[in-house]
Structures are given as structure tokens and as C-alpha cells.
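So the chains spell out like this:
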Amino acid sequence: MTLETRWAITAAIFVVGLLLGRLLNRCIMRIPETVGLFKEFRQIVSRTPLQGQYPRGRWYHLLPVIGTLFLIGRSPFSGRRITLREPFVELLNGFLLASLFWLEIPASLDVKASSLAWPLGPEVVGGAWNSEWLFLICRYLYHVVLVEALVVGTFIDFDHYLLPDMTTLPALVVGVVGGTLAGGFWMAPLWFQDNRALDLLSLLLPFESVEWLKGPIYPPWFSSSPHLHAFLNSLAGLIVGSGMIWTIRWIGFVTLKREAMGFGDVILMAMVGTFVGWQNCVIIFFLAPVFAICVVIVSMAFFRRAIPYGPYLSLATLTVLYGWPQIWPSLYRFFSHGPLIPALLAIMAILMLVLLWAMQIIKQILGIKDDFEFEQIELWTSSDQLLFEAGEKSNLQQGQWPTPQHPLTLAGRGQLSQHHWRGS
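Everything numeric in this text was worked out from a predicted model, so none of it was measured. (Residues numbered from 1 in each chain as written. Predicted model: local features only at pLDDT ≥ 70, side-chain atom pairs only at ≥ 80, totals over all residues. Heavy atoms only, no water.)

Glancing now at the overall build of the protein. Scanning the protein for helices and strands turns up 18 helices and 2 strands. When burial is assessed residue by residue, the protein has 42% of its 424 residues classed as buried. Sequence separation of at least 24 residues holds for 71% of the intrachain contacts in the protein that already meet a minimum separation of 6. Of the roughly 23,300 Å² of accessible surface on the protein, a fraction of 69% belongs to carbon and sulfur atoms. (Helix = DSSP H or I, 4+ residues; strand = E, 2+ residues; numbered from the N terminus. Buried < 20%, exposed > 50% of the residue type's maximum accessible area, 1.4 Å probe, protein only. Contact = heavy atoms within 4.5 Å. Areas by Shrake-Rupley, 256 points an atom, 1.4 Å probe, with all protein chains shown as cover.)

Next up, the structure:
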């Protein structure tokens, strides 16, 4: 592939990314309008405008970015309000897909020249592909699914502080099934180890106590059974990714008596793990708080608006995927410690639990009250507050022209089932 051809293909992918960006905007707008996986899918493919019938716009309104810029304000197709964020999403998606193509598919079409190549990659350990260029293209499309799911989930989480099933579960299925059938889309093998760390540990412990932990760099059956290896790799990523977030939820509930992480974040990391593997899930887990701290400082200084945690996980995932050549060489030695890794992760979880417990004890001794302590008052709970708000104005549209009500608003007031029963 010549340089001119590569640039031409990159430009074409950028345009395709712009067109897909408009579809992503449709998903971001329509998925939260209902509840349930199949209902969310029907909402995406439905051609019915969300706010009634309106006259059709001009032909150039259908163009990505340019047409969307002309529609900012009020759409002639559906009558809904269009913001500047929608052309930004289209541009962002085009840039993400084009840059991912440039990184993962080299001009030489050599797998070892890809940004994801390293000494223990599928091109060395073994995969189920004989054609290098076809492998590169299919792996690129496989990661495109991950990128698109992260974009949709991020902006829905920004707007509604939730991650609907439609943004994660279909991509999770693609991650497991696609990875298993391909047999070589994983970024790091399921297991690899360097026995030098165990040799060092044997100087401190009896030699016989660690000898049985030693093994080959990677099990030989990885090469002879690539599809089984790929399935177990995705499964391990799913378990580790969701398990770490679930552990934080549990620790937060035990020590802080509150929900530290949403269940949507658990499913999000499970989905990410099926694509990138369990090692990258660990990296993403520790990288996301770094982005969170930076963004929270800026938001507190200027915007004063809470931001959900899902976008940080998405940003950390994209950073690992796009920055693999810079991030992985400096961290893979940590994961080469083999059987010591689970022990280290367990120790870190225990330390986090102990530190949060100690922090709560110190706060009680000093008489410092938590900001969320009102939630623990038995005389007035969140359900009491919802009932009070619903009683103050039982009909939100009383004395007004009827307008569509968001399902999340109706659900919060306990009126969603009644709304569906009345056929409103």
C-alpha cells in the first residue's frame, strides 16, 4: 500500500466516521427515551419523529457536520432542539475511526508493524489467520465496535447519569463471540509469566514453596487452540473488568454505606474487558481515576456540575487502545509476574477496605459528618422525598398543553406504568 493510497483510505474512513456519527447522535438521543433492550433497539430504528410530524428540511440537511450545523436550533425533520454537540460528535467519531485505522493497519500490511504488535502478540503466540491483511482489517472493525459503543455510552451518561443496556450488552456479545470466532483479536495472551520474579522471591522463602508456581512463558495450548484461548481471554476480561468495579461497589457499601459505583459501570467494564482482556482492564481501572481527578478539578472550578464515572472509564479505554505502543511496554513486566498478580490485586483491595474503614473511624472521632448523612436518617428517606414531590403536583402537565414526558422522569415519580397503561 503506497502512502497516497493509505491517505486516501484514511480520508474515506473519516467520511464514513462522520456518517456513522450521525447514527450515533440518533442513538444518544433515542436510546434513553424508553426502558428495555428491545424497546431501545426499536426506538433507534423507528422512523417516527419523537415530537410529532414536521415539514421536511432541505437535502443538504442530511449531510454530516455541515448539514447538522445548519440544523442547530430546531430540526425541520422532528422539531427537536439540536445543539452544537451533535456536529462535534460526528467530527469526533470521524477522527477516532480514521486515527484507529492509521495506527492498527500499517502501509506494509505487516501484522508486526501494527501499533498493537508486541513480542507475545497473536502473530507470535498463534492465531487462526493465514492472511495478514484480512486479519488487520477484521481486527480493526472489531475495535470499531468498541469505540462506537464507548462514544454512545459516554454522551448518554453525560446527559442522564446512566448507561442503558443497548449501549453495552450488544457490544459485549460482539466482544465475546467475535473474539472467539476470530481466535486472534486479543491484545495480550490470557497468561504469560517471567520466572525471574519467582527466583527473587525464592531468596526470601524456602525454594520448594515457589518452585511449583514456575512455568513456561505461556502455555503451549494457546497456539494449538486459538479459539479456546480467545474465548477464555474475553471471559477473563469480562470477569476481571466487572469484578473490580463490583468490588468497589461492595467496599463503598460496607465502609461508606452508599453506592460508590453504578451498576452500569460494572456492565461497561465487562464489555470493555471482552475486547481488551483482563490485563488492560487493570490498567484502565487505575488510569480512569487520574482522568477523573483532572476533570473534577476543572469542573469544580468552572462548571460546578457532577460528572458520572462512565466517561472516565471510556476515556481510559481509548487511551489504552490508541496509546498501546507507549503504555504497554512499560507495564507488561508487571503482568509477567504470573501467579503473583492475583495476590497483589487482592492485597490492594484489602488495603483500600482498611483505609476507608480507618478514614470513617477518624471522621467519627473528630465529629465530621458526611455530606450524604441525610440519606441515613430513618425519619425521611428518598422514597419519602419522591412521594412528597409527586403529591405536590400529581400531574406535571396540569394547566399546560400536553408534551412528551421523559420515561426517567415518570419512573422517578412512580408513574411510568400508569403512563403506559393509559397509552399516553
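Moving on: the environment of Pro308. Mapping Pro308 onto the fold places it in the loop between α12 (263–303) and α13 (310–322). Owing to a relative accessible area of 11%, Pro308 belongs among the buried residues under this scheme. For the pair Pro308 and Gly262, spaced 46 residues apart in sequence, the C-alpha separation works out to 9.1 Å. Contacts of Pro308, omitting those with residues within four sequence positions, involve Asp157, Phe158 and Tyr161.

If you look at the biggest cluster of nonpolar residues, it comprises 77 residues, and the most contacted ones within it are Val147 and Met271. When contributions to this core are tallied by element, the ones reaching two or more residues are α1 (3–30), α4 (85–104), α6 (132–160), α7 (169–182), α11 (226–256), α12, α13 and α14 (324–335). Examining the composition of this core, we find that 17 residues originate from one element, α12, more than from any other. Those residues in contact with Met271, other than ones at most four positions away along the chain, are Leu146, Ala149, Leu150, Thr167, Thr168, Ala171 and Leu172. (Core = buried A, V, L, I, M, F, W, Y, C linked by side-chain atoms within 4.5 Å.)

With that settled, the discussion passes to the packing of aromatic side chains. For any pair of aromatic rings, the description rests on two quantities: the centre-to-centre distance and the angle between the ring planes. What the rule picks out here adds up to 20 aromatic pairs. Measuring from centroid to centroid gives 6.1 Å for Phe155 and Phe158, while their planes differ by 55°, and the two rings are tilted. Separated by 3 residues within a single helix, Phe155 and Phe158 lie in helix α6, roughly one turn from each other. With a relative accessible area of 8%, Phe155 lands in the buried category. Summarising the aromatic geometry, the rings of Tyr309 and Tyr312 are spaced 5.6 Å apart at their centres and angled 65° between planes, so their arrangement reads as edge-to-face. (Phe/Tyr/Trp six-rings, centres within 6.5 Å; stacked < 30°, edge-to-face > 60°.)

It is worth spelling out the pattern of salt bridges at this point. One pass over the full model with this rule turns up 2 salt bridges. When the shortest N-O distance is used, the salt bridge between Arg22 and Glu90 registers 3.6 Å. A residue pair is termed long-range when its members are at least 10 positions apart, and Arg22 in helix α1 and Glu90 in helix α4 qualify at 68 residues. The buried category is assigned to Glu90, whose relative accessible area is 1%. A salt bridge links Arg85 to Asp159; its shortest N-O distance comes to 2.8 Å. With Arg85 in helix α4 and Asp159 in helix α6, this pair connects stretches of sequence that are 74 residues apart. (Salt bridge = Lys/Arg side-chain N within 4 Å of Asp/Glu carboxyl O.)

Glancing now at a nonpolar patch on the surface. On the surface, a nonpolar cluster with roughly 430 Å² of combined accessible area is contributed by Trp221, Leu228, Phe231, Leu235 and Ile239. The element that contributes the greatest number of residues to the nonpolar patch is α11, accounting for 4 residues. Position of Ile239 relative to the elements: it lies in helix α11. (Patch = residues over 30% accessible without salt bridge, like charges linked within 9 Å, V, L, I, M, F, W, Y side chains within 5 Å.)

Per-chain confidence: the protein averages 79 in pLDDT, with 69% of residues scoring 70 or above. Note that pLDDT drops below 50 for residues 50–55; the model gives that stretch 16 contacts with residues more than four away or on any other chain. In the predicted structure, residues 372–378 sits below a pLDDT of 50 and forms 5 contacts with residues beyond four places in sequence or in another chain. (pLDDT = per-residue confidence, 0-100.)

Attention now goes to the side chain of Asn25. Tracing the sequence through the fold places Asn25 in helix α1. Among the polar contacts listed, one links the side chain of Asn25 to the backbone oxygen of Glu86, at a separation of 2.9 Å. Residue contacts for Asn25: discarding those within four places in its chain leaves Glu86, Val89 and Glu90. (Polar contact = N/O pair within 3.5 Å; in protein donor to acceptor, adjacent residues only side chain to side chain.)

Next up on the list: the packing of α6 against α13. Two numbers describe how α6 lies on α13: the axes approach to 9 Å, and their chain directions differ by 155°. Between α6 and α13, the angle falls in the class roughly antiparallel. Crossing of α6 over α13 shows left-handed handedness. For the pair α6 and α13, the contacting residues are His143, Leu146, Val147, Leu150, Thr154, Asp157 and Phe158 in the first and Gly310, Pro311, Ser314, Thr317, Leu318, Leu321 and Tyr322 in the second. Its residues assigned to classes, the contact of α6 with α13 comprises 8 nonpolar, 5 polar and 1 charged. (Axes fitted to C-alpha atoms, helices over the stretch in contact; angles between N-to-C directions. Parallel < 35°, antiparallel > 145°, perpendicular 65-115°, else oblique. Left-handed = near helix turned anticlockwise from the far one by under 90°. Nonpolar A, V, L, I, M, F, W, Y, C, P; charged D, E, K, R; others polar.)

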